[in-house]
Amino acid sequence: VILDPGHDILMERKSHDYSESERLAILNSNVSYLEKRDAALGLLNDKSSDELVSKVLGSVLKSNQPLYISELVSRAAGINRNSQRELFRSLLKSSDPDVKFAALNRMGQLPKDDKDVALLRGLISDNEIYSVVNAAMNTLSVWDAKGNIDIFKVQATKESRYSTLRESAIAAMSRDSNPET
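Since the structure is predicted, the reported quantities are computational estimates derived from the model, not experimental observations.

Novice: Please clarify how the side chain of Arg-106 should be interpreted in this entry.
Specialist: Examined against the element boundaries, Arg-106 turns out to sit in helix H6 (residues 97-107). Although Arg-106 is buried, it makes no salt bridge; Asp-46 carries the closest opposite charge, 7.3 Å away. Those residues in contact with Arg-106 that sit more than four places away from it in its chain are Val-73, Ser-74, Arg-75, Ala-76, Ala-77, Ile-79, Asn-80 and Phe-88.

Below, the structure written as structure tokens:
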């Protein structure tokens, strides 16, 4: 419902329950980002096939809109699959920190992979934005806090605005069950 300043009803918008084929058509059409986002979110759930998930995420990546990509990767259900690991790796190469942050958080929900550990350790550097470094440390601590304690100790000594890196590193180290580290 849209109201004017006098609180008169100008228009009532009814919610639509689109079919799968209609939602796919919306994804491939030239409509607004919000309509595409809603269509994609409506298609993705825990019961979606790998083929459908790949098709939807492929369409989202073709849009080349960082806000659309990061929001969908952050909010979509049913994409925490090993079959999407390569997609998340490719999103880590994005120049947009929000896209990297969303991909890192999703990767943290997948099982540990040695190739990903090396990739995430490489993101923890002085050249990366704090939110990405914090997300990488969080994901590494979920996968293997003890195995990455060396990098957490280095980050705990770094100067950062409001001590964000230090706090993140301490939180990551606290996930290690060994109290002596």
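Having seen it, we continue.
Novice: What's the story with the pattern of salt bridges in this structure? I'm lost.
Specialist: Opposite charge on two side chains makes pairing possible when the charged atoms of those side chains draw close. Using the criterion set out here, one finds 13 salt bridges in the structure. Taking the shortest distance from any N to any O, the salt bridge between Arg-89 and Glu-86 comes out at 2.4 Å. One end of the pair is Arg-89 and the other is Glu-86, both in helix H5 (residues 85-91) and three residues apart, which spans about a single turn. Classification of Arg-89 as buried rests on a relative accessible area of 10%. Each of Arg-85, Glu-86, Arg-89, Asp-113 and Asp-116 takes part in salt bridges that share partners, so that together they form one network.

Cut-offs used in this document
In every chain, residue numbers begin from 1 and rise along the written sequence. Confidence filtering applies because this is a predicted model: local features only for residues at pLDDT of at least 70, side-chain atom pairs given and counted only at 80 or more, and all residues used for totals across whole chains, interfaces and linings. Hydrogens are left out, water is left out, and the side-chain values use all remaining heavy atoms of the structure. Working definition: helices are DSSP H or I runs of at least four residues, strands are E runs of at least two. Numbering for both runs from the N terminus. Exposure is judged per residue with a 1.4 Å probe applied to protein chains only, and the accessible area is read against the type maximum: over 50% gives exposed, under 20% gives buried, and values in between give partly exposed. Neither His nor the chain ends is counted toward charge; the positive residues are Lys and Arg and the negative residues Asp and Glu. Criterion for a salt bridge: a side-chain nitrogen of Lys or Arg within 4 Å of a carboxyl oxygen of Asp or Glu. Pairs of residues are marked as contacts when any of their non-hydrogen atoms sit within 4.5 Å.

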